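Remarks on the overall topology
One letter stands for each residue in the lines below.
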Amino acid sequence: MKVVKFGGSSVANAEQISKIIEIVTADEDRRIVVVSAPGKRNSDDSKVTNLLIALANTVLEGADYEGALQRVISRYAEIQVDLNLSESVMVTIESDLRGRIKNRTAHALQFVDSIKASGEDNNAKMIAEAFIQKGFPAKYVNPGDAGMLLSDEFGNAEVLPESFGKLAKLKDESEIIIFPGFFGSTTAGEVATFPRGGSDITGAILAAAVKADVYENFTDVDSVYAMDPRLVPYAPALEFMTYREMRELAYAGFGVFHDEAIFPAVQAGIPICIKNTNRPEAPGTLVTSTRDTGERVVAGIASSDGFCSISIDKYMMNREVGFGRRLLQIFEEETISYEHTPSGIDSISIILKSSELSAQKEQQVLKRIKAELDPDSVVVEHGLALLMLVGEGMHYALGNAAQATAALGDAGVNIEMINMGASETSIMFAVKELDRVKAILALGKSYFS
Ligand code: ASP
């Protein structure tokens, strides 16, 4: 059994929806289909989810929302007409939306979630109709009814463990299941959504629940590439990669998946295949727990701006028992999460996302470090970018760090920090944001040209 997820661009209009019907019905193992809300049809277009957020905010402001509502309705109406579906579909969608607005709750985030979730919910109903109209047995399934139970963190919900057992029953259905992504139900029966991009999470949960043979995630690229193809056009397509490589690359800027979205499928050991709705014959990228690293040691190189570091120096730091714990405790108590901690005998740097360190938090942390740890110096550096060289094969191969540092040195890029864990799946280089593109071009040339 395959669980198949189609992202927003794959269900943005009637033409794309016709493609997904062909893709699903070409393989009888594709039994559970997770769909997003209609996405952008071109670069100037709006995602339906964004239109819905605007609608919810207009309602909350107490302003006239009819225009915002019609913008949503017209996206579905266009699809209904182009797919030749019965007009009753539009009656259902419009009354659903008006009902959600009318049943507005006092809790603003909960209300926004109920409006946001309608994007995938109504799209799933319409897509189920489209399958049926073409003569394929299909059935819309409501996530709450099927047992997709979520925490009540509206807009940022997490799946509750009991969901998996309930959702496992979906594998006994005889029709093709059309399941809306992105939302579920709290135990009190309220609609709650995952973070943005959360239809990937729905697909991963269903794949784990029904113990699918594979979780196919259809997007609009042929595969994952070793580097951002907009910067390095000759970056090779990756046919295989491991979960760990995927996580490390997604963390450092690869946009194919939200890096935490696939966690349930990874935990259950379900292979994930990334494929293109517009070119389903392309092999895509298969993500599993291991891969043959003989062919390619480095799977990919990602980069991301938006980091900063706090570097602390203290003579004889290595002899001071508890220094590291007390330092990290300051970050914990100030509720700041950190990313990396490269260190020397008398120095340690904490690398953080800049978004974690407001000016006020920065002052507070510096004050505490100075007062509680008596360092020789504390220096904050803003405007850092991280480069991640990722590959399971690096564990066994010689010279990867040397090749990267030589390439960066030749390009005149100063490396601010290096971090490599014992697992050797990745090497992190911190450079100035201004040097990031230059660094990526140099690494691309060295590894993949
Ligand atoms: N439609 C939602 C969003 O735009 C969820 C998704 O497409 O995965 O974030």
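Note that this is a predicted model, so its numbers are computed, not measured.

So, how was this worked out
Throughout, a residue's number is its position along its own chain's written sequence, starting from 1. In keeping with the model being predicted, local features are shown solely for residues with a pLDDT of at least 70 and side-chain atom pairs are shown and tallied solely at 80 or more, while totals for entire chains, interfaces and linings include all residues. To get the side-chain values, take all heavy atoms of the structure and skip hydrogens and water. Only DSSP runs of H or I covering at least 4 residues are called helices, and only runs of E covering at least 2 are called strands; the numbering of each starts at the N terminus. Values of the radius of gyration come from C-alpha atoms, whereas the globule rule sets the reference at 2.2 Å times the count of residues to the power 0.38. Per-residue accessibility, obtained with a 1.4 Å probe over protein chains only, is compared with the maximum for each type, and a residue is labelled buried under 20%, exposed over 50%, and partly exposed between these values. Residues are treated as being in contact if the distance between any of their heavy atoms lies within 4.5 Å. The directions from the helix axis to the C-beta atoms are what the arc is built from. The axes used here are C-alpha line fits, helices contributing only the stretch in contact, and every angle between their N-to-C directions lies in the interval 0 to 180 degrees. Angles are sorted into four bins: roughly parallel if under 35 degrees, roughly antiparallel if over 145, roughly perpendicular if 65 to 115, and oblique for all others. In a left-handed crossing the near helix is turned counterclockwise from the far helix by less than a right angle, and in a right-handed crossing that turn is clockwise. When residue character is reported, Ala, Val, Leu, Ile, Met, Phe, Trp, Tyr, Cys and Pro are called nonpolar, Asp, Glu, Lys and Arg charged, and the others, Gly included, polar. Put simply, a residue is near a molecule or strand once any heavy atom of it comes within 4 Å of that molecule or strand. Counting of polar contacts relies on pairs of N or O atoms within 3.5 Å, with two restrictions inside protein: one atom must be capable of donating a hydrogen and the other of accepting it, and residues adjacent in sequence are counted only when both atoms are side-chain atoms. Using the Shrake-Rupley algorithm and a 1.4 Å probe, accessible areas are obtained, with residue cover drawn only from the displayed protein chains. Two kinds of site are reported from a 1 Å grid over the protein atoms alone, namely cavities, where a 1.4 Å probe fits but cannot get out, and pockets, open sets with protein on both sides within 12 Å along at least five of seven lines, and residues are called lining when an atom falls within 4 Å of a point. Grid points are joined across faces, edges and corners, and a volume is the space filled by probe spheres set on the points. By definition, a salt bridge exists where a carboxyl oxygen of Asp or Glu is found within 4 Å of a side-chain nitrogen of Lys or Arg. Any two strands with at least two DSSP bridges between them are considered paired.

1. Focus on the overall build of the protein chain
- Helices and strands together make up the secondary structure of the protein chain, namely 14 helices and 17 strands.
- Here the C-alpha radius of gyration of the protein chain, 24 Å, is about what a compact globule of 449 residues would show, namely 22 Å.
- If one aligns the C-alpha atoms of the protein chain with their principal axes, the spans along those axes are about 75 × 50 × 40 Å.
- Buried residues in the protein chain amount to 52% of all 449 residues.
- A fraction of 74% describes how many contacts in the protein chain between residues 6 or more apart in sequence connect residues 24 or more apart.

2. Re helix α11 (residues 323-333)
- Taken together, the buried positions of α11 are F323, L327, I330 and F331. Viewed along the axis of α11, the buried residues span an arc of 95°, placing them on a single side of the element. Of the exposed residues in α11, the ones pointing more than 90 degrees away from its buried face are R325 and E332.
- For α11, the elements touching its buried residues are β13 (300-313), β14 (347-353) and α12 (359-373).
- Directly after α11, the chain includes T335, whose backbone phi takes a positive value near 50°.

3. Structural notes on the packing of α11 against α12
- It is at 10 Å that the axes of α11 and α12 come closest, and there the two elements cross at 150°. In this view, α11 runs roughly antiparallel relative to α12, as classed from their interaxial angle. Pair α11 / α12 crosses with right-handed handedness. Residue-level inspection shows F323, R326, L327, I330, F331 and E333 of α11 in contact with α12, the latter providing V365, R368, I369, E372 and L373.
- Taken together, the residues of the contact of α11 with α12 break down into 7 nonpolar, no polar and 4 charged.

4. Focus: the site of the ligand
- All residues adjacent to the ligand are S36, K47, T49, E120, F182, R196, G197, G198 and S199.
- Contacts to the ligand include R196, whose side-chain N or O atom sits 2.7 Å from an oxygen atom.
- G198 is positioned such that a nitrogen or oxygen atom in its backbone is 3.4 Å from an oxygen atom of the ligand.
- The protein chains hide 94% of the 260 Å² of surface that the ligand would expose on its own.
- Partitioned by chemical class, the residues of the shell around the ligand number 1 nonpolar, 5 polar and 3 charged.

5. With respect to the layout of surface pockets
- Roughly 550 Å³ of internal volume is contained in the second largest pocket.
- Along the walls of the second largest pocket sit 24 residues, with E158, I201, E260, F263 and P264 positioned nearest its centre.
- Those elements that place two or more of their residues in the lining of the second largest pocket are α8 (199-209), α9 (243-251) and α10 (263-267).
- The leading source of residues in the lining of the second largest pocket is α9, at 5 residues.
- Here the residues of the lining of the second largest pocket are counted per class, giving 15 nonpolar, 3 polar and 6 charged.

6. Observations concerning the pattern of salt bridges
- Scanning the entire structure with this criterion turns up 29 salt bridges.
- When the shortest N-O distance is used, the salt bridge between E66 and R98 registers 2.7 Å. Taken together, the positions of E66 in helix α3 (residues 66-82) and R98 in helix α4 (residues 88-102) put the pair 32 residues apart, joining distant regions of the chain.
- For R98, a relative accessible area of 31% translates into the label partly exposed.
- Ionic pairing is found between K139 and E173, a salt bridge with its closest N-O pair at 2.8 Å. Here K139, found in strand β3 (residues 138-140), pairs with E173, found in the loop between α7 (163-167) and β4 (176-180); they are 34 residues apart in sequence, far enough to count as distant.
- In this structure K139 comes out as partly exposed when scored by relative accessible area, which is 28%.
- Judged by relative accessible area, which is 26%, E173 ranks as partly exposed.
- The network of salt bridges with shared partners includes K2, D27, R30 and E216.

7. Regarding the packing of α3 against helix α5 (residues 108-133)
- Interhelical geometry of α3 versus α5 gives an angle of 10° and a closest axis separation of 11 Å. Considering the angle they form, α3 stands roughly parallel to α5. Touching Y76, I79 and Q80 of α3 are S118, G119, N122, N123 and M126, all from α5.
- Looking at the contact of α3 with α5 residue by residue, the class counts come to 3 nonpolar, 5 polar and no charged.

8. So, the environment of T288
- Residue position: T288 is located in strand β12 (residues 285-288).
- C-alpha separation for the pair T288 and Y243, spaced 45 residues apart in sequence, amounts to 5.7 Å.
- Discounting residues that sit within four places of it in the chain, T288 has contacts with M241, T242, Y243 and P271.

9. Overview of the pairing of strand β7 (residues 214-219)
- Most of β7 sits inside the fold, with 6 of its 6 residues counted as buried.
- Examined bridge by bridge, strand β1 (residues 2-6) and β7 share 5 bridges and lie parallel to one another. Residue pairing across strands places V4 opposite E216, the latter belonging to β7.

10. Quick word on the sheet that holds β14
- Strands sit in the order β14-β13-β15-β17-β16 across an open sheet of 5 strands; the sheet is antiparallel. In this open sheet, the two edge strands, each paired with only one partner strand, are β14 and β16 (417-420). This sheet shows a mean twist of 35° between the axes of neighbouring strands, independent of strand direction.
- Where β13 meets strand β15 (residues 377-390), 11 bridges bridge the pair, whose relative direction is antiparallel. Each residue of the ladder has a partner; that of S303, found in β15, is L387.
- Contacts from α12 reach β13 and β15 within the one sheet, and its direction differs from that of β15 by about 110°.
- Relative to β13, helix α14 (residues 436-448) is tilted by about 125°, and along the sheet it contacts β13, β15 and β17 (426-432).

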